[in-house]
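Chain by chain, the residues run as shown.
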Amino acid sequence: MGGEIQRDTTTTTTPKLFRSGPVTSVRRLVIWVGKGLCEIVAMSVQVVAAKMAEVEIKDVPSKDVPPESPLTPNSEEKGLVKNEPNPVATSPLTDPTVKAGDQSPGFLTPNPVKMPQASAMKRTDPQQNGGEAFVNRDGTVAEAPRMKKIQFADQKQEFNKRPTKIGRRSLSRSISQSSTDSYSSAASYTDSSDDETSPRDKQQKNSKGNGDFCIKNIKQADFGRREIEIAEQEMPALMALRKRAQGEKPLAGAKVVGCTHITAQTAVLMETLSALGAQCRWAACNIYSTQNEVAAALAEGGFSVFAWKGESEDDFWWCIDRCVNLEGWQPNMILDDGGDLTHWIYKKYPNMFKKIKGIVEESVTGVHRLYQLSKAGKLCVPAMNVNDSVTKQKFDNLYCCRESILDGLKRTTDVMFGGKQVVVCGYGEVGKGCCAALKAMGSIVYVTEIDPICALQACMDGFRLVKLNEVIRQVDIVITCTGNKNVVVREYLDRMKNGCIVCNMGHSNTEIDVASLRTPELTWERVRSQVDHVIWPDGKRIVLLAEGRLLNLSCSTVPTFVLSITATTQALALIELYNAPEGRYKQDVYLLPKKMDEYVASLHLPTFDAHLTELSDEQAKYLGLNKNGPFKPNYYRY
């Protein structure tokens, strides 16, 4: 018909892919432009392949001669090595210096890619040991030029530099051990295998020539200084106290002898005491918790420190004695954690108490010892019970342990908590923190307790109260935090299931009867740092952490911010006892005044950008309070 459009029925050269349907003119244009670009690229590939053939180093050996490994170049190849990369081989597969997806050296990468000619097909001839050939369009077969891989001189030199033996501080340490031994408040940067010589047998001096210290290695002072600087950022109250009271020097003339965990946080406390005018000599209260690099930094800074990680029992008491027994120097203040220092002075140097103004104690165990001395009438000086201060109880014991219990167990055992049955012995502040953390991770938590009030709290918090012998056969983890002795005895250890994890979150190592496990029929196997398998004759084994000592400070880290609260409380307690007029404190154990507790808390509030509400005069009169505190009576339970 006249109105119909005549269709073009001539044969076109449309590519086969598009013959099944019509395409627009624009689409055809794009297709042909793309085809032209492909031909241009193919021609470029031909040029590259030709250039690669020109840089062939050597003829390919016959199939009767085995090819040589690129790792062992012969003398002829050594004369042909080059110190500059091949300008052609720029891909990870063609450039020996480029890593192809993995981290293996360039000379271990696959052979260079052969560049086929444009529009040629590649085939492999099985008779030629995998040799490749190209089939041209005219049907002729041409063998592809084979490239000899170039090994560059700098590459070979890099390989030769690789250590043939793994050093002590490199790959020999497992990931698990390194996570335990590095950059933590409990775990020293220093590997204990670096030097087997006892620090007691060394003569070390700092850069100023002072040698009144005994530590692992003074050369690690720079590492320790960085640890201390990091800790300072999370200890705002101590830094504020140092700034506010530095001009007044409230501890001028004080000679403080301390026995605490020597960590970066303790170092901030010691340097704060020094800035306030005190002289300090220090030993460790735990044989596993010392950070060797921090001890080195303190020694370099002029502090007399006697501690290293992994002390023996004999070393432990020797270090305490070196702190105390110095000719021409006598302490007048004691800062203790656990009561060991107080016990040693009372036993060996009782006359020193004539000049000592007071004792500051921060642990349950140490406070218990002080109350025993007071009850027996043997306490010679006033003592401040920091452990039962509100800031220490609620923050160091509860919030700190709520985080550090998981950290310690993860670092040492890599255990998954979900679904595990855990028994926590004791539901004080430490027990409450441990139970809350484990419950949040999906563990089934049981609690043992002797106090009916704490027991009722455990029940109201959703935990099942049991006796230890009722669940000892089925639980996966046993945690002690009572401050008592012989909580987990040999009878319970014998009845535990295979693989049960046993650890202690209390200060003293008396809660787990570890001594009963050191018998001939049981085998001890060190798995990693602070982790031992104790194996029974029938093959059953338990996992004992830190040999029953404090888990979090022996095996992991403790939140620095929480320790800032405790350390500030200790500093204020020292200032109070040292400056108190004669007669204010008698030979007894005292709690930190409520006003000081509130002051410690107020110093930490700016970190959270927190703003306290102030009482009006009318409100203060109505409550019968001072507008500036204290806001709670001493009998108030937070």
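Data block above holds the structure.
Being a predicted model, the structure only gives us computed values, none of them experimental.

Thoughts on the pattern of salt bridges
Okay, so step 1: All told, the structure shown has 21 salt bridges when counted by the stated rule.
Okay, so step 2: As a salt-bridge pair, Arg 526 and Asp 532 come within 2.8 Å of each other at their nearest N and O atoms.
Okay, so step 3: You can call Arg 526 partly exposed: its relative accessible area is 48%.
Okay, so step 4: On the basis of relative accessible area, Asp 532 is assigned to the buried category, the value being 4%.
Okay, so step 5: Three or more residues joined by partner-sharing salt bridges are found here, namely Arg 518, Arg 526, Asp 532 and Glu 547.

Details of the nonpolar core
Okay, so step 1: Grouped together as the largest cluster of nonpolar side chains are 54 residues, with contacts concentrated most on Val 256 and Leu 273.
Okay, so step 2: Listed by contribution, the elements that provide at least two residues to this core are α5 (221–233), α6 (236–245), α7 (264–275), β5 (279–284), α8 (292–300), β7 (333–336), α18 (560–579) and α19 (594–604).
Okay, so step 3: The leading source of residues in this core is α18, at 10 residues.
Okay, so step 4: Sequence-distant contacts of Leu 273, defined by excluding residues within four places in its chain, comprise Leu 251, Ala 278, Cys 280, Trp 282, Ala 571 and Leu 574.
Okay, so step 5: Counting residues in each nonpolar core, the second largest holds 31 residues, with Leu 406, Tyr 427, Cys 435 and Ile 479 among its members.

Some remarks on the pairing of β7
As a general feature of sheets, a regular strand has side chains that alternate between the two faces.
Okay, so step 1: Every second residue of β7 is oriented toward a common face, with Met 333 and Leu 335 on one face and Ile 334 and Asp 336 on the other, all of them buried.
Okay, so step 2: Of the pairings in the sheet, the one linking strand β4 (residues 255–260) to β7 comprises four bridges and is parallel in character. Among the inter-strand pairings, Cys 259 is bridged to a residue of β7, identified as Asp 336.
Okay, so step 3: Bridging between β7 and strand β8 (residues 358–361) involves four bridges; their strand directions are parallel. Note that in β8 the partner of Met 333 across the bridge is Gly 358.
Okay, so step 4: On the question of chirality, the crossover connecting β7 to the parallel β8 by way of helix α10 (residues 340–348) is right-handed.

Quick word on the sheet that holds strand β16 (residues 531–535)
Okay, so step 1: The strand order β12-β11-β10-β13-β14-β17-β16-β15 describes an open sheet built from eight strands, whose pairing is mixed. Edge positions in the sheet fall to β12 (464–465) and β15 (523–528), since each has one partner strand and no second.
Okay, so step 2: Contacts from helix α12 (residues 390–413) reach β13 (477–480), β14 (501–504), β15, β16 and β17 (541–545) within the one sheet, and its direction differs from that of β17 by about 125°.

Some remarks on the state of the cysteines
Okay, so step 1: With the rule as written, the count across this model stands at zero disulfides.
Okay, so step 2: Cys 259 forms no disulfide, and the closest cysteine sulfur to it belongs to Cys 285, at a distance of 5.5 Å.

Points about the side chain of Glu 429
Okay, so step 1: Here Glu 429 lies in helix α13 (residues 429–440).
Okay, so step 2: Here Glu 429 is in contact with Gln 393, Lys 394, Asn 397 and Leu 398, once residues within four sequence places are set aside.

Digging into α18
Okay, so step 1: For α18, with 20 residues, the first-to-last C-alpha span of 28 Å sits near the 28 Å given by 1.5 Å per residue.
Okay, so step 2: Across the 20 residues of α18, 19 count as buried, placing the element largely inside the fold.

With respect to the pairing of β13
Okay, so step 1: Side chains of β13 alternate between two faces, with Ile 477 and Ile 479 and Val 478 and Thr 480 buried alike.
Okay, so step 2: Where strand β10 (residues 421–425) meets β13, four bridges bridge the pair, whose relative direction is parallel. Pairing of Cys 425 across the sheet is with Thr 480, part of β13.
Okay, so step 3: Summarising the sheet, β13 and β14 pair through four bridges and their orientation is parallel. Its bridge partner lying in β14, Val 478 is registered against Val 502.
Okay, so step 4: In the classification by handedness, the crossover that spans β13, the intervening helix α16 (residues 490–495) and the parallel β14 is right-handed.

A short note on unusual backbone geometry
Okay, so step 1: For the bond running from Gly 629 to Pro 630, omega is 0°, close enough to zero to count as cis.
Okay, so step 2: Summarising the element assignment, Pro 630 is placed in the segment after α20 (617–623).
Okay, so step 3: Backbone geometry at Lys 249 places phi at a positive 50°, although glycine is not the residue there.
Okay, so step 4: Along the chain, the position of Lys 249 falls in the loop between α6 and β4.
Okay, so step 5: Not every positive phi belongs to a glycine, and Asn 486 is a case in point at roughly 55°.
Okay, so step 6: Topologically, Asn 486 is positioned in the loop between β13 and α16.

Description of the packing of aromatic side chains
Okay, so step 1: Scanning the entire structure with this criterion turns up eight aromatic pairs.
Okay, so step 2: Between the aromatic rings of Phe 561 and Phe 608, the centroid separation amounts to 5.3 Å while the plane-to-plane angle is 80°, which identifies the pairing as edge-to-face. Within this pair, whereas Phe 561 is found in helix α18, its partner Phe 608 is found in the loop between α19 and α20, the two being separated by 47 residues in sequence.
Okay, so step 3: By relative accessible area, which is 15% here, Phe 561 ends up buried.
Okay, so step 4: Through a chain of ring-to-ring contacts, the aromatic side chains of Phe 316, Trp 317 and Trp 344 assemble into a single cluster.

As for the environment of Cys 380
Okay, so step 1: On the secondary structure map, Cys 380 appears in the loop between α11 (364–375) and β9 (383–385).
Okay, so step 2: You can call Cys 380 partly exposed: its relative accessible area is 35%.
Okay, so step 3: Excluding its chain neighbours within four sequence positions, the residues that come into contact with Cys 380 are Phe 353 and Gln 587.

Reading guide: rules and limits
- Residues numbered from 1 in each chain as written.
- Predicted model: local features only at pLDDT ≥ 70, side-chain atom pairs only at ≥ 80, totals over all residues.
- Heavy atoms only, no water.
- Salt bridge = Lys/Arg side-chain N within 4 Å of Asp/Glu carboxyl O.
- Buried < 20%, exposed > 50% of the residue type's maximum accessible area, 1.4 Å probe, protein only.
- Core = buried A, V, L, I, M, F, W, Y, C linked by side-chain atoms within 4.5 Å.
- Helix = DSSP H or I, 4+ residues; strand = E, 2+ residues; numbered from the N terminus.
- Contact = heavy atoms within 4.5 Å.
- Pairing = 2+ DSSP bridges.
- Right-handed = clockwise from strand over helix to strand, strands pointing away.
- Axes fitted to C-alpha atoms, helices over the stretch in contact; angles between N-to-C directions.
- Disulfide = S-S within 2.5 Å.
- Expected span 1.5 Å × (residues − 1).
- Phe/Tyr/Trp six-rings, centres within 6.5 Å; stacked < 30°, edge-to-face > 60°.

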